[in-house]
Amino acid sequence: MKRRPIVAGNWKMNGTQEQAAAITHQILTSLPQNSQVEVVLCPPHTILGKVGDLLKGKAVLLGAQNAHWEPKGAYTGEISAPMLKDLGCRYCIVGHSERRQLFGETDASVRKRLRAVLDHGLTGILCVGETLEQRQQGKTWAVIQAQLQAALEGVESARAAAQMVIAYEPVWAIGTGQNATAAQAQEVHSQIRRWLAGRFGTAQADSIRIQYGGSVKPENTADLMAQPDVDGALVGGASLEPAAFLSIIASTAQAKETPCSTASS
Ligand code: PGA
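Conventions adopted
- Residues numbered from 1 in each chain as written.
- Predicted model: local features only at pLDDT ≥ 70, side-chain atom pairs only at ≥ 80, totals over all residues.
- Heavy atoms only, no water.
- Near = heavy atom within 4 Å.
- Polar contact = N/O pair within 3.5 Å; in protein donor to acceptor, adjacent residues only side chain to side chain.
- Areas by Shrake-Rupley, 256 points an atom, 1.4 Å probe, with all protein chains shown as cover.
- Pairing = 2+ DSSP bridges.
- Helix = DSSP H or I, 4+ residues; strand = E, 2+ residues; numbered from the N terminus.
- Axes fitted to C-alpha atoms, helices over the stretch in contact; angles between N-to-C directions.
- Buried < 20%, exposed > 50% of the residue type's maximum accessible area, 1.4 Å probe, protein only.
- Right-handed = clockwise from strand over helix to strand, strands pointing away.
- Contact = heavy atoms within 4.5 Å.
- Phe/Tyr/Trp six-rings, centres within 6.5 Å; stacked < 30°, edge-to-face > 60°.
- Lys NZ or Arg CZ within 6 Å of the ring centre and 35° of its normal.
- Core = buried A, V, L, I, M, F, W, Y, C linked by side-chain atoms within 4.5 Å.
- Arc of directions from axis to C-beta.
- Disulfide = S-S within 2.5 Å.

## Topic: the site of the ligand
Turning to step 1, where the next piece is worked out: Near the ligand you find 13 residues, and of these Lys-12, His-96, Glu-169, Gly-175 and Ser-215 are the closest.
Turning to step 2, where the next piece is worked out: A distance of 2.7 Å is found between an oxygen atom of the ligand and a side-chain nitrogen or oxygen belonging to Lys-12.
Turning to step 3, where the next piece is worked out: At a separation of 2.7 Å, an oxygen atom of the ligand approaches a polar backbone atom of Ser-215.
Turning to step 4, where the next piece is worked out: The fraction of the free accessible surface of the ligand (280 Å²) that becomes covered by protein chains is 94%.

## Here's the deal with the sheet that holds strand β1 (residues 6-10)
Turning to step 1, where the next piece is worked out: Ordered in space as β1-β2-β3-β4-β5-β6-β7-β8, the eight strands form a closed barrel in which the pairing is parallel. Averaged over all pairs of adjacent strands, the angle between their axes in this sheet comes to 25°, without regard to strand direction.
Turning to step 2, where the next piece is worked out: Alignment of strand β5 (residues 123-128) against strand β6 (residues 164-168), held across five bridges, turns out to be parallel. Its bridge partner being in β6, Ile-125 is matched across the sheet by Val-165.

## Observations regarding the pairing of β1
Turning to step 1, where the next piece is worked out: Of all the five residues making up β1, five are buried; the element is thus mostly covered by neighbouring parts of the structure.
Turning to step 2, where the next piece is worked out: As judged from the five bridges shared by β1 and strand β2 (residues 38-42), these two strands associate in the parallel manner. Directly across from Asn-10, in β2, lies its bridge partner Cys-42.
Turning to step 3, where the next piece is worked out: In the classification by handedness, the crossover that spans β1, the intervening helix α1 (residues 17-30) and the parallel β2 is right-handed.

## Quick look at the environment of Ile-144
Turning to step 1, where the next piece is worked out: Inspection of the secondary structure puts Ile-144 in helix α7 (residues 140-151).
Turning to step 2, where the next piece is worked out: On a C-alpha basis, the gap between Ile-144 and Cys-127 in space is 9.6 Å, while along the polypeptide they are 17 residues apart.
Turning to step 3, where the next piece is worked out: Not counting residues up to four positions away in its chain, the partners in contact with Ile-144 are Val-128, Gly-129, Glu-130, Tyr-168, Val-188 and Ile-192.

## Looking at the packing of aromatic side chains
Turning to step 1, where the next piece is worked out: Per the stated rule, a full pass over the model turns up one aromatic pair.
Turning to step 2, where the next piece is worked out: Geometry around Trp-69 places Lys-112 over its ring, the cationic atom sitting 4.1 Å from the centre.

## What about the nonpolar core?
Turning to step 1, where the next piece is worked out: With 64 residues, the main nonpolar core has Leu-126, Leu-148, Leu-152, Ile-166, Ile-192, Leu-196 and Tyr-212 as its most contacted residues.
Turning to step 2, where the next piece is worked out: Beyond its immediate chain neighbours, meaning those up to four positions away, Leu-152 contacts Leu-114, Leu-126, Met-164, Ile-166, Trp-195, Leu-196, Arg-199 and Phe-200.

## Notes on helix α11 (residues 218-225)
Owing to its 3.6 residues per turn, the α-helix brings residues three or four apart onto one side.
Turning to step 1, where the next piece is worked out: Within α11, the full set of buried residues consists of Asn-220, Thr-221, Leu-224 and Met-225. All buried residues of α11 project into a common sector of 125° when viewed along the axis, lining one side. With respect to the buried face of α11, the exposed residues turned more than 90 degrees away are Glu-219 and Asp-223.
Turning to step 2, where the next piece is worked out: Against α9 (182-200), β7 (209-213), β8 (232-235) and α12 (242-255) lie the buried residues of α11.

## Some details on the state of the cysteines
Turning to step 1, where the next piece is worked out: Summed over all chains, the structure comprises zero disulfides.
Turning to step 2, where the next piece is worked out: Cys-92 carries a free sulfur, and the closest cysteine sulfur to it, the one in Cys-89, is 7.2 Å from it.
Turning to step 3, where the next piece is worked out: You can call Cys-92 buried: its relative accessible area is 0%.
Turning to step 4, where the next piece is worked out: Cys-127 takes part in no disulfide bond, and the closest cysteine sulfur to it belongs to Cys-42, at a distance of 9.3 Å.

By themselves, these are just geometric observations and shouldn't be taken as functional.
Dropping the structure here:
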């Protein structure tokens, strides 16, 4: 099955309104009209509205970085899935390793957040990945399998196929400049796809896109995207540089043999 490649930019805690407008504008004006790569921008909550307004009617979609599991209520500092929907979000990252490591996110809270995201009609980008220590101890697959199992508990097959993207992000590769090799990524991606097939069925697993994330740059995109089970990228640092992000999108398109030329305006 041919899966539509997806490149998402995770801006993390970066960007003023002015910077957001400048980055978004540059991406919109330079992205080829016929890009077959699905492009998603995930700015921080404070500028979701701003970026969302600029993306209205455009091919680039809006995503958030996190969502609470309750729709509303006394949860100071949190943002809910219906609020994100209200702002025009189509995607929401769930279980990013920075949330797990720095903000006490657990498998149980990731499951609840993902459930809320799906229940409110958003597509979840579920992040999984091992630490360097876990990789060195040969525990990579055990860790990822446990993360998948916990987060996707109770998710129906049809829903997984329609509303799920998985992002494999080795923790040691995030923000370090040291990306996983194409072979390392493909090995884990194919294991994830096999697991998805066992959990949801082969046809569903074939349709679920699996992004790679962790120091994706223009220089390493072609190699990573040439892998059959790598369906796109979740890009952190490089997504804040429009030229680099556009180059990653173009390389993805090329690697997946979808029409996408370089800047047109
Ligand atoms: P990076 O981050 O591209 O800066 O390594 C990726 C991510 O955290 O999603």
